[in-house]
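So you can see what is in the structure, the chains are spelled out below.
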Amino acid sequence: MDQLNASQADWLHYDVMDGNFVPNISFGLPILQAIRKATTKPIDVHLMITQNDAFIQPFKDAGADILTVHFEACTHLHRTIQAIKQAGMKAGVALNPHTPVRVLKDIIADLDLVLIMSVNPGFGGQKFIPQAIQKVKEAKALILESGSSALIEVDGGVGMSNIKSLVEAGADVLVAGNAVYGAADPVAAANELKNA
Ligand code: ZN
């Protein structure tokens, strides 16, 4: 946590996996509570779970500032987004690589964040899917057209080789996992990415 606080990273991205929506299990609420006590940086929680509605308030209570759910996991997405905002958090929607940006047309005005997955969710260290750059451009166009104030975030395989194209395409927030934590000096790596 000292390294995170010392870095120029703006947000902390926290991946939650349930072993059902994705074939892997990650951190849950108790670790988030501990992290909340250790940092003042905004915590951006990315839910990769099936039962989103039941966990909105628990994640708020554990310290989430931004809560992102997967389009593919929410049958009643509009209701879920309203519930996240009513709980006092910013609301995001994540799109898997196979899900087109246009599915967000009728919800974009309500969103604070659009998360474009540039790998299939579930595991770290995967290779960036280049189609994500085109999806960022489409999301940017949709946001401008609708007057939405949503930010565009990209998650998966982000590193020095694709940062420039992603930012040029309209990405506002880039999630770096391996590019930071796989480096010999994570603080320097985070700062280098930030200043690229
Ligand atoms: Zn994530």
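The structure presented is a predicted model; accordingly, all values stated were derived computationally and were not measured.

**Student:** Can you help me understand the nonpolar core in this one?
**Tutor:** The tendency in soluble globular proteins is for nonpolar side chains to be buried side by side. Counting 50 residues, the largest nonpolar core has Val 45, Ile 81, Leu 111 and Ile 116 as its most contacted members. Residue contributions to this core peak at six residues, all from helix H5 (residues 131-146). Residues within four places of Ile 81 in sequence aside, it is in contact with Val 69, Ala 91, Gly 92, Val 93, Ile 107, Asp 110 and Leu 111.

**Student:** Would you mind going over the pattern of salt bridges with me for this structure?
**Tutor:** Close approach of charged atoms allows side chains with opposite charge to pair. The full count for this structure, using the stated rule, is three salt bridges. For Lys 194, the salt bridge identified is with Asp 10, shortest N-O distance 2.4 Å. Here Lys 194 is found in helix H8 (residues 186-194), whereas its partner Asp 10 is found in the loop between helix H1 (2-6) and strand E1 (12-17), with 184 residues between them in sequence. A relative accessible area of 40% places Lys 194 in the partly exposed class. Using a relative accessible area of 47% as the deciding quantity, one classes Asp 10 as partly exposed.

**Student:** Teacher, can you tell me more about the packing of aromatic side chains here?
**Tutor:** Working definition: an aromatic ring pair is given by the centre-to-centre distance plus the angle between the planes. For the coordinates displayed, the defined rule picks out two aromatic pairs. An angle of 35° between the planes, with centres 5.5 Å apart, marks the rings of Tyr 14 and Phe 27 as tilted. You can see Tyr 14 sitting in strand E1 and its partner Phe 27 sitting in the loop between E1 and helix H2 (29-38), a full 13 residues away along the chain.

**Student:** Honestly, the environment of Ile 35 in this entry has me stumped. Any pointers?
**Tutor:** Looking at the secondary structure, you find Ile 35 in helix H2. Distance from Ile 35 to Asp 61, taken between C-alpha atoms, is 13 Å for residues 26 residues apart in sequence. Leaving out residues up to four positions away in the same chain, Ile 35 has contacts with Met 1, Leu 12, Tyr 14 and Ile 43.

**Student:** In this structure, what is going on with the coordination of the zinc ion? I would like to understand it.
**Tutor:** Octahedral metals with six donors have ideal donor angles of 90 or 180 degrees. Tetrahedral metals with four donors have an ideal donor angle of 109.5 degrees. Protein coordination at the zinc ion comes from His 13 (NE2), Asp 15 (OD), His 46 (ND1) and Asp 155 (OD), with a distance range of 2.0 to 2.2 Å. Around the zinc ion, the four donor atoms sit at angles spanning 92 to 165°, and that spread fits a shape best called irregular. All donors of the zinc ion belong to a single chain; written as a sequence motif, their spacing is H-x1-D-x30-H-x108-D. Here the residue Asp 15 occupies a position in strand E1, and His 46 occupies one in strand E2 (residues 43-48), the gap between them amounting to 31 residues. You can call Asp 15 partly exposed: its relative accessible area is 21%. The exposure class assigned to His 46 is buried, which follows from its relative accessible area of 0%.

**Student:** When you look at the side chain of Lys 41 in this model, what are you seeing that I'm missing?
**Tutor:** Here Lys 41 lies in the loop between H2 and E2. Here Lys 41 is buried and forms no salt bridge, its nearest opposite-charge partner Asp 10 lying at an N-O distance of 6.3 Å. One polar contact links the side chain of Lys 41 to the main-chain carbonyl oxygen of Ser 7, over a distance of 3.1 Å. In contact with Lys 41, other than residues within four places in its own chain, are Leu 4, Asn 5, Ser 7, Gln 8, Ala 9, Asp 10, Arg 36 and Asp 65.

Cut-offs and rules
Residues numbered from 1 in each chain as written. Predicted model: local features only at pLDDT ≥ 70, side-chain atom pairs only at ≥ 80, totals over all residues. Heavy atoms only, no water. Core = buried A, V, L, I, M, F, W, Y, C linked by side-chain atoms within 4.5 Å. Buried < 20%, exposed > 50% of the residue type's maximum accessible area, 1.4 Å probe, protein only. Helix = DSSP H or I, 4+ residues; strand = E, 2+ residues; numbered from the N terminus. Contact = heavy atoms within 4.5 Å. Salt bridge = Lys/Arg side-chain N within 4 Å of Asp/Glu carboxyl O. Phe/Tyr/Trp six-rings, centres within 6.5 Å; stacked < 30°, edge-to-face > 60°. Donors = N, O, S within 2.8 Å, 3.2 Å for Na, K, Ca; no water. Tetrahedral: all angles 85-135°; square planar, octahedral: opposite > 155°, others 65-115°. Lys, Arg positive; Asp, Glu negative; His and termini not counted. Polar contact = N/O pair within 3.5 Å; in protein donor to acceptor, adjacent residues only side chain to side chain.

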